[in-house]
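# A structural walkthrough
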Amino acid sequence: MGDTSRLETERLILRRFTPWDVEALLLIYSDEKTNRFLPWFPIRTKAEAERLLRERYLSAYERQEGYGYAVCLREDDRPVGYVHVSPGDSHDLGYGLRNDCWGRGIATEAAGAVLEQLRRDGVPFVTATHDVENPRSGAVMRRLGMRYCYSYGEQWQPKDLWVIFRMYQLNLDGREYRVVQADEAAGVLTIEIEAIRT
């Protein structure tokens, strides 16, 4: 798991980030609107983009951990966003696009292609969360067929903000009885599975 194989859709190329994508990565991660509802602060310099590329993408590719796609338009194969799936138990789906690419269905198209790859790779389910103040992200999740499960609050770091999140889940293996739940006491995710009713 965690191969980040090249994918193509009608309008998009989804591929690994490369060292030649530093400028495009800087445009994505420095975009104030794009990063408003994300836990990290926008980056400002090429050096920060190079470090982010190494730490978040290139090292994960070497370890084959999770999935980390650059979302590129077919016409120029230049990243305008990303789709991630974390390597942990929650298989957390995340995505972001430069704000000049919003409202065109790109996030849904890209994430949909990644979900199909996860299904082929045998990933049993994915989860995704969005800030209640960002309903457009929830709309993407619903268009992907994800189901709202519950809401929870968290002190979001490093921005140190209290945020109410809505958690969505899609069971890729057809086992609709599975729900991933937050364990507030331990601060970790646990998987609770009901018995199958026959």
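Residues numbered from 1 in each chain as written. Predicted model: local features only at pLDDT ≥ 70, side-chain atom pairs only at ≥ 80, totals over all residues. Heavy atoms only, no water.

### Some remarks on the sheet that holds strand β8 (residues 161-171)
If you trace the 3 strands from one edge of the open sheet to the other, you get β6-β8-β7, paired in antiparallel fashion. With partners counted over all chains shown, the strands left at the sheet margins are β6 (125-131) and β7 (147-156), one partner each. This sheet shows a mean twist of 30 degrees between the axes of neighbouring strands, independent of strand direction. Alignment of β6 against β8, held across 7 bridges, turns out to be antiparallel. Across the sheet, T129 pairs through a bridge with M167, a residue of β8. (Pairing = 2+ DSSP bridges. Helix = DSSP H or I, 4+ residues; strand = E, 2+ residues; numbered from the N terminus. Axes fitted to C-alpha atoms, helices over the stretch in contact; angles between N-to-C directions.)

### Some thoughts on helix α4 (residues 106-120)
Side chains that are three or four residues apart share a direction in an α-helix, a result of its 3.6 residues per turn. The end-to-end C-alpha distance of α4, which contains 15 residues, comes to 21 Å, matching closely the 21 Å that a straight helix rising 1.5 Å per residue would cover. Looking only at α4, the buried set comprises I106, A107, T108, A110, A111, A113, V114, L115, Q117 and L118. Just beyond α4, the residue with positive phi is G122, at close to 85 degrees. (Expected span 1.5 Å × (residues − 1). Buried < 20%, exposed > 50% of the residue type's maximum accessible area, 1.4 Å probe, protein only.)

### A closer look at the packing of aromatic side chains
In the structure shown here, the tally under the stated rule is 8 aromatic pairs. Between Y29 and W40 the ring centres are 6.0 Å apart and the planes differ by 45 degrees, which places this aromatic pair in the tilted class. With a gap of 11 residues between them, Y29 in helix α1 (residues 22-30) and W40 in the loop between α2 (32-35) and α3 (46-63) connect regions that are remote in the sequence. Of the residues examined, Y29 reaches a relative accessible area of 0% and is grouped as buried. (Phe/Tyr/Trp six-rings, centres within 6.5 Å; stacked < 30°, edge-to-face > 60°.)

Nothing here speaks to function; it is geometry throughout.
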